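Here's the letter readout for the chains.
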Amino acid sequence: MIADEHSAVRQNRSLRLLAQLLYEQGDIRRAYRYIQLSSVDANFYNTKLRNSQIAEALPIIERDYQLERDRQEWRLRAGFLMISVLFVTILLFALYIRRKRRQLAVARKELIRQNEDLNRMNEEMRAKSEELYRLADELQESDQIKEKYVGYFLQLCSVYIQKIGEYRKTVNRKIRTGQIDDLYRMTAST
């Protein structure tokens, strides 16, 4: 082929032989391309011998090339299908994560709101507790004052009971001794 190129001759035999060698080595794609070029050249010069030689190798190479293309196409479709499934899976996973993030954001907002409510209630309870302590102190002071006054009242009652007891004794003694006029004067005075 190199010699054909240097001499500007297009016999296309070298391309056909190269295509057969490449086919035997397993490089079907390049073999198919070279056999096609050889066929185009043979048709251009309308050489029956070269066309018949190419016609022997062309169907074999073309069949294997087509099988190779079918396999590649099948692999491509399988790859595309796998990528599509993977893409759909990733998309669904992304949507799932997005939904979970939204739920998490809602739950976080609800938790913050509840925490604020608890803090507010805690402050109210603290204020009520302080109020209760203040009222308890006032009640204790009030109880101490009441105890003091009840003590004064009981002491006063005790003094009056003693005076009434002495007065009763005096009244009884005066009744026994017949000093009724004296008794009358005693009770008439303020």
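Residues numbered from 1 in each chain as written. Predicted model: local features only at pLDDT ≥ 70, side-chain atom pairs only at ≥ 80, totals over all residues. Heavy atoms only, no water.

*Asks:* Describe a nonpolar patch on the surface, listing the residues and the values that go with them.
*Replies:* A contiguous nonpolar surface patch, about 480 Å² in accessible area, is contributed by Phe87, Val88, Leu91, Leu92 and Leu95. Relative to the helices and strands, Phe87 is located in helix α4 (residues 48–177). (Patch = residues over 30% accessible without salt bridge, like charges linked within 9 Å, V, L, I, M, F, W, Y side chains within 5 Å. Areas by Shrake-Rupley, 256 points an atom, 1.4 Å probe, with all protein chains shown as cover. Salt bridge = Lys/Arg side-chain N within 4 Å of Asp/Glu carboxyl O. Helix = DSSP H or I, 4+ residues; strand = E, 2+ residues; numbered from the N terminus.)

*Asks:* Tell me about the confidence of the model for the chain, and please be specific about residues and values.
*Replies:* Across the chain, the average pLDDT comes to 84, with 83% of residues at 70 or higher. The weakest mean pLDDT in the chain belongs to helix α1 (residues 2–6) at 56; the strongest belongs to α4 at 90. (pLDDT = per-residue confidence, 0-100.)

*Asks:* Which residues make up the pattern of salt bridges, and what are the values?
*Replies:* Applying the stated criterion across every chain yields a total of 12 salt bridges. Across the pair Glu138 and Arg134 runs a salt bridge whose closest N-O atoms are separated by 2.4 Å. Here the residue Glu138 and the residue Arg134 both occupy positions in helix α4, the gap between them amounting to 4 residues, near one helical turn. Look at Glu138 and you get partly exposed, because its relative accessible area is 41%. Through salt bridges with shared partners, a single ionic network connects Glu110, Arg113, Asp117, Arg120 and Glu124. (Buried < 20%, exposed > 50% of the residue type's maximum accessible area, 1.4 Å probe, protein only.)

*Asks:* Lay out the nonpolar core with the relevant residues and their values.
*Replies:* One finds Leu15, Ala19, Leu22, Ile28, Ala31, Tyr32, Tyr34, Ile35, Ile61 and Tyr65 forming the largest nonpolar core, which totals 10 residues. Only α2 (13–25), α3 (28–45) and α4 provide two or more residues apiece to this core. Apart from residues lying up to four places away in sequence, Ile28 is in contact with Tyr23, Ile61, Asp64 and Tyr65. (Core = buried A, V, L, I, M, F, W, Y, C linked by side-chain atoms within 4.5 Å. Contact = heavy atoms within 4.5 Å.)

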